[in-house]
Amino acid sequence: MAIRFASVMLFVSLGCAVRSAANDQLPVFQSDIQPLLVSKCGKCHSRKVQKGGLDLSSLRGIHLGGESGEALLSEPTDDSLLWTVIDDGEMPPEGEPALSADELELLRHWIASGAASKDVLAASGQQVTEHDVVPIILLRCTTCHGPQRQDGDLDLRSRTGMLTGGKRGPALVPGDPDASLMIQRIESEACPPANLLLKFFVRRPPSSEVDVLRRWIAAGAPEADIPPAATTPPHDPLVSELDRQHWAFQPPKRPSSAASIDDFIDDKLQQVGLTFSSPADRDTLIRRAYFDLIGMPPGFPEWQRWSQSDDPLWYEKMIDHLLASPHYGERWGRYWLDLAGYADSEGGISADPIRPVAWKYRDYVIAAFNQDKPYDQFLIEQIAGDELIDYENAAVINDQIVQNLIATGFLRMGIDETGSRTMNFVPERLKVISDAITVVSSGLMGLTMECARCHSHKYDPIPQRDYYRLKAIFQGALDEHDWRSFKSRTLNIGTSQHRQRIAEVNPPLEAEIKKLAARQKQLAADVQLALLRHHYPDQSDADNRATLTALKKADNNRTLPQKILVERLQRADVMPDQAQPDSVLQARQDIEAIDREIQRLRRKLVPPLTIRALWDSGRPSPTYVLRRGEHDKPGPWVTPGVPSALTDGASLLDVRPPFPNGSQKTGRRLAFARWLTDPGNPLTARVMVNRIWYHHFGTGLVKDLENFGVKGEPPSHPQLLDWLALEFIDRGWSIKEMHRLIMTSRTYRQTSQIDEQRKRLDSQNRLLSRAPLRRLDAEALRDSLLLVSGKLDPTPGGLPDAVSVSRDGLVSAYPHEGGTWRRSIYLQYRRTEIPTMMDTFDYPNMGPNCVARTVSTVSPQSLMLMNNRHVRQLAAAFAARVDDLLNDESDHAGPAARVELVYRLALSRPPSDEERQLGIETLKELESAWQGNFAKAKALETYCHTILNSASFLYID
């Protein structure tokens, strides 16, 4: 569309006098057409300004067209894009002067007569350069003759390598395609070899690509003399100074009119005739602060400490206490894991293989938040940790080197199917790279850049060129032509102490696990055979065995008979227990017991040396714009760079190899990370403080966390956003300092109560005239249920807790010894096996990440809390805990004491008089209804279950 628009604009602007085509004189570009284009179209389509990537100042630019690469001229005339858009009535657009008949005739005649030019080569539009050939070679040939393999000692990555050749001599003979070995091998289909096509995920070049190779060689295989498509001082042809004036593309400015959060908020409130709401009461603030900072309510002793404190600085000291808690990193680390798209599996259609050591990145993030690692350093480590210390040549591997490498897992969290036998072609690799770019652009830069993969952004000044310049930054580590799948993109690295502990502890545990796994596998096969024999007695034993064989294949690789056999087994497997033989039920219990034992032993293992890392290989392939985002439609060559709209248009990214005398690293990602964390960067600090604000207030100052662009909603308090961004930088990029700044403000400490005036003047609470009322997210809800019931295991870090999937699809976590469970952040999050409670309460699908979660209120949530067996068990444990705390063995504690304690434990406050009376009456009625020896216990259990289902438990006031 950009080309069609640009083509039309060419004709819309032609208003000058034109030469007559009389006397059979053919129009010539240089004398008849070029002056018109320069004078009438140069404002938008020249060498300095190229809307839609179109340069009309030369005939070559017209032949190349705009960013899609579609030529504007062709024969016959009716096929010419230039003529078609006019002849179809699409252009000129409404409001623009219509073309005169003479103007139309001159252009039509020029196109129909062959678009004559004094420069024959330029008129042909058939120039082929090295940059037309290299992308083809990278796509079709360098798997065998490139960075990882050089079969026949042949390296085809450059013209020099082609001329040097390999064991059989030069690959090309300039000027003679037929004599060139590379052409002979390709046209005879000897290359790429048929037996390696699927193994190396290569497809044969189509005839159009072979034609390009032939024409290049026939022309003498000329070297390219074309600069990369990049910002060239002093002008950027694709982004104007006006484009750079958008508020978010300008560095933050410190306002002079206010000096605190409350100053900015109060000013906006007064403008509409509002004031701050009254302060929230102490118990409300305690619960709010605990959930905001650690994601759980206070324990009973802690609630008593803060609710009864007479220290005038009790609130500030409570904030410091929470920020020092190890649970703080678990809460705020979870937010960052959403942004990174964290998952414990690779994703894909069905296989969804486990990522065995992804949890190391999770623990790195939690530790970073607990340590209050400066945000700029936090980003640099995650983007370019492998380029900070030369780990390949380090005399000693220390913890910092290991952590730097673990941090690069940030760029490896997207869905990655490239370990599959059928999903490792270049398009799948490009999808992995695209996901990494999306995580960086949406999460760190607050920009939506996905559309620029295929065309220039329709709303923001992000040309397609800038997307691929950003891709070039990652090319040293994520190179679609020098690819490592998730199976091989790992490093085995650790300290000497770590290696020693592995050698001492793991061998006997691994041997026991192997034995148990073999026993479990045999039991599973026995169960499957028993199911088939019981439910399909007429099916032959050969078919039963064939079913087990079919299960070992991926579902998309099974034959039709195999699929039928597997479906029969699946139907038998999901039948209710009462329809199954006793042997199957017993074997299932044995399998589950073995599974629990394996998980127990695995938790005792010393973590392996393996790190799921990203590292620079120091040999990036050249990066080309891909026309319409298609992998086999290369456009202009680009060099590494950042979005031009965020710069002055003249400065280039300062890329330097970090270890000139050591390991080969490009330094591209390190240069990008330093640009990103430079105090003058207009977006980085703003985006992060906006995210922190969002998690405290439920809405960001900029409502859409990932869109600070032109079409994004502007900030509700722009000066406050800038002030916070600058305070963030001035306070050493400390996230904990931002918490203190926000949470000690009057704005944060307001009540959430709303009156008619506030409802009318600030219905969406964008002015912050009150505190927001928010529902607990999935993690906070589950963790709170565990804490209140006394079933929370506080053990941090390490291997994720495994989950089981019942035959009715319920996904739940295995308990630890003693019947306890760890916090939700430590669950295993396999993309196809999200724990049911988490999924019900809006745990996100990472595609590739989640910048802001959806918050829904739907019936399955209530039904789960009411009917889920695990929730009912936790309610029973909660009731038992209440009894234990009241020493109720002698029945001395009456209903009033029970109601009081239930409220204090679950809701961090005493009940109101009405709630107390209603609770007492409810307990008495329930005891009467239950009757028998256990009436009192059952009544309390039911009452506790009711409180856990209440809005007061589910919402933060």
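We now turn to the structure provided with this report. (Residues numbered from 1 in each chain as written. Predicted model: local features only at pLDDT ≥ 70, side-chain atom pairs only at ≥ 80, totals over all residues. Heavy atoms only, no water.)

## Digging into the packing of aromatic side chains
- Applying the stated criterion across every chain yields a total of 22 aromatic pairs.
- With a centroid separation of 5.8 Å and an interplanar angle of 50°, the aromatic rings of Phe264 and Trp723 are classed as tilted. Of the two residues, Phe264 sits in helix 11 (residues 261–271) while Trp723 sits in helix 27 (residues 718–730), which places them 459 residues apart along the sequence. Just as Phe264 is buried, Trp723 falls in that class too.
- Where Tyr375 meets Phe378, the ring centres are 6.5 Å apart and the plane angle is 45°; that geometry is what we call tilted. Here Tyr375 pairs with Phe378, and both are found in helix 17 (residues 375–384), just three residues apart, close to one helical turn. Judged on exposure class, the residue Tyr375 and its partner Phe378 are both buried.
- The cationic tip of Arg489 hangs over the ring face of Trp483; the distance from NZ or CZ to the ring centre is 5.1 Å. (Phe/Tyr/Trp six-rings, centres within 6.5 Å; stacked < 30°, edge-to-face > 60°. Helix = DSSP H or I, 4+ residues; strand = E, 2+ residues; numbered from the N terminus. Buried < 20%, exposed > 50% of the residue type's maximum accessible area, 1.4 Å probe, protein only. Lys NZ or Arg CZ within 6 Å of the ring centre and 35° of its normal.)

## Overview of empty space enclosed by the protein
- Across all of its chains, the model carries 13 cavities of 30 Å³ or more by this definition.
- Of the volumes computed, that of the largest cavity is approximately 170 Å³.
- Pro135, Glu480, His481, Leu626 and His631 are, among the 19 residues lining the largest cavity, the residues nearest its centre.
- When contributions to the lining of the largest cavity are tallied by element, the ones reaching two or more residues are helix 7 (130–140), helix 19 (426–444), helix 20 (464–473) and strand 3 (623–626).
- For the lining of the largest cavity, a count of residues per class yields eleven nonpolar, four polar and four charged.
- Roughly 120 Å³ of internal volume is contained in the second largest cavity.
- The greatest single-element share of the lining of the second largest cavity, amounting to five residues, is contributed by helix 19.
- A breakdown of the residues in the lining of the second largest cavity according to their chemical character gives ten nonpolar, one polar and five charged. (1 Å grid on protein atoms, 1.4 Å probe; cavity = no way out; pocket = protein on both sides within 12 Å on 5 of 7 lines; lining within 4 Å. Points joined across faces, edges and corners; volume = space filled by probe spheres on them. Nonpolar A, V, L, I, M, F, W, Y, C, P; charged D, E, K, R; others polar.)

## Observations concerning unusual backbone geometry
- The residue after Cys191, namely Pro192, is reached through a cis peptide bond having omega -10°.
- A cis amide bond links Gly847 to the next residue, Pro848, at an omega of -5°.
- Note on placement: Pro848 falls in the loop between helix 31 (836–840) and helix 32 (859–867).
- At Arg628, a residue that is not glycine, the phi angle is positive and equals roughly 55°.
- For Arg628, the location among the structural elements is in the loop between strand 3 and strand 4 (634–638).
- A positive phi angle, close to 75°, is found at Asp842, a residue other than glycine.
- Its place among the elements puts Asp842 in the loop between helix 31 and helix 32.

## A closer look at the pattern of salt bridges
- The final tally for this structure, using the stated rule, is 62 salt bridges.
- In this structure, Arg545 and Asp541 form a salt bridge, with 3.9 Å as the shortest nitrogen-oxygen distance. One end of the pair, Arg545, and the other, Asp541, are both in helix 22 (residues 541–551), four residues apart, so they sit about a helical turn from each other.
- Taking relative accessible area as the criterion, Arg545 reaches 44% and is therefore assigned partly exposed.
- Note on Asp541: relative accessible area 37%, which makes it partly exposed. (Salt bridge = Lys/Arg side-chain N within 4 Å of Asp/Glu carboxyl O.)

## What about the packing of helix 12 (residues 282–294) against helix 13 (residues 300–308)?
- One way to put it is that helix 12 packs onto helix 13 with a least axis distance of 10 Å and a crossing angle of 135°. Relative to helix 13, the element helix 12 lies oblique. With respect to the hand of their crossing, helix 12 and helix 13 are arranged in right-handed fashion. Mapping the contact onto sequence places Arg282, Asp283, Ile286 and Tyr290 in helix 12 and Glu302, Trp303, Trp306, Ser307 and Gln308 in helix 13.
- Here the contact of helix 12 with helix 13 is built from residues that sort into four nonpolar, two polar and three charged. (Axes fitted to C-alpha atoms, helices over the stretch in contact; angles between N-to-C directions. Parallel < 35°, antiparallel > 145°, perpendicular 65-115°, else oblique. Left-handed = near helix turned anticlockwise from the far one by under 90°. Contact = heavy atoms within 4.5 Å.)

## Here's the deal with the packing of helix 34 (residues 895–907) against helix 36 (residues 935–948)
- Close contact between helix 34 and helix 36 brings their axes to 11 Å; oriented N to C, the two are set at 35°. In terms of crossing hand, the pair formed by helix 34 and helix 36 is right-handed. In this structure, helix 34 contributes Arg898, Val899, Val902, Tyr903, Ala906 and Leu907 to the contact, and helix 36 contributes Lys936, Leu940, Tyr943, Cys944 and Ile947.
- Each residue belonging to the contact of helix 34 with helix 36 can be placed in one class, and the counts come to nine nonpolar, no polar and two charged.

## Quick word on the side chain of Thr647
- Along the polypeptide, Thr647 turns up in the loop between strand 4 and helix 25 (668–676).
- Accessibility expressed as a relative area gives 17% for Thr647, which makes it buried.
- Here the side chain of Thr647 touches Ser644 through a polar contact of 2.9 Å, landing on its backbone oxygen.
- Contacts of Thr647, omitting those with residues within four sequence positions, involve Arg244, Val642 and Trp675. (Polar contact = N/O pair within 3.5 Å; in protein donor to acceptor, adjacent residues only side chain to side chain.)

## Things to note about the state of the cysteines
- Evaluated as defined, the whole model comprises zero disulfides.
- Considering cysteine sulfurs only, Cys144 is the nearest to Cys191, which forms no disulfide, with 7.1 Å between them.
- Between Cys451, a cysteine without a disulfide, and Cys454, which holds the nearest cysteine sulfur, the sulfur-to-sulfur distance is 8.7 Å.
- With relative accessibility at 28%, the residue Cys451 sits in the partly exposed group. (Disulfide = S-S within 2.5 Å.)

## Overview of helix 12
- Given a rise of 1.5 Å per residue, 13 residues ought to cover 18 Å, and the 18 Å separating the end C-alpha atoms of helix 12 matches this to within 8%.
- Turning to helix 12, its buried residues are Asp283, Thr284, Leu285, Ile286, Arg287, Arg288, Ala289, Tyr290, Phe291, Asp292, Leu293 and Ile294.
- Taking the backbone nitrogen of Asp283 as reference, a side-chain oxygen 3.1 Å away marks Asp281 as the first, capping residue of helix 12.
- Following helix 12 by one or two positions, Gly295 adopts a phi angle in the positive range, close to 75°. (Expected span 1.5 Å × (residues − 1).)

## A word on the nonpolar core
- By size, the foremost hydrophobic cluster in this structure holds 178 residues, and its most contacted members are Trp336, Tyr361, Leu444 and Phe672.
- Looking at which element gives the most residues to this core, the answer is helix 19, with nine residues.
- In this structure, Leu444 is in contact with Trp336, Leu339, Tyr375, Leu379, Ile383, Phe410, Val439, Leu676, Thr684 and Val687, ignoring residues within four places of it in sequence.
- One finds Ile137, Cys141, Leu154 and Ala171 within the second-largest nonpolar core, a separate group that totals 19 residues. (Core = buried A, V, L, I, M, F, W, Y, C linked by side-chain atoms within 4.5 Å.)

## What about helix 24 (residues 582–604)?
- Over its 23 residues, helix 24 extends 34 Å from the first C-alpha to the last, a length consistent with the 33 Å expected when each residue adds 1.5 Å.
- Of all the residues in helix 24, the buried ones are Val584, Ala587, Arg588, Ile591, Ile594, Asp595, Ile598, Gln599 and Leu601.
- Close packing links the buried residues of helix 24 with helix 21 (496–535) and helix 23 (560–573).

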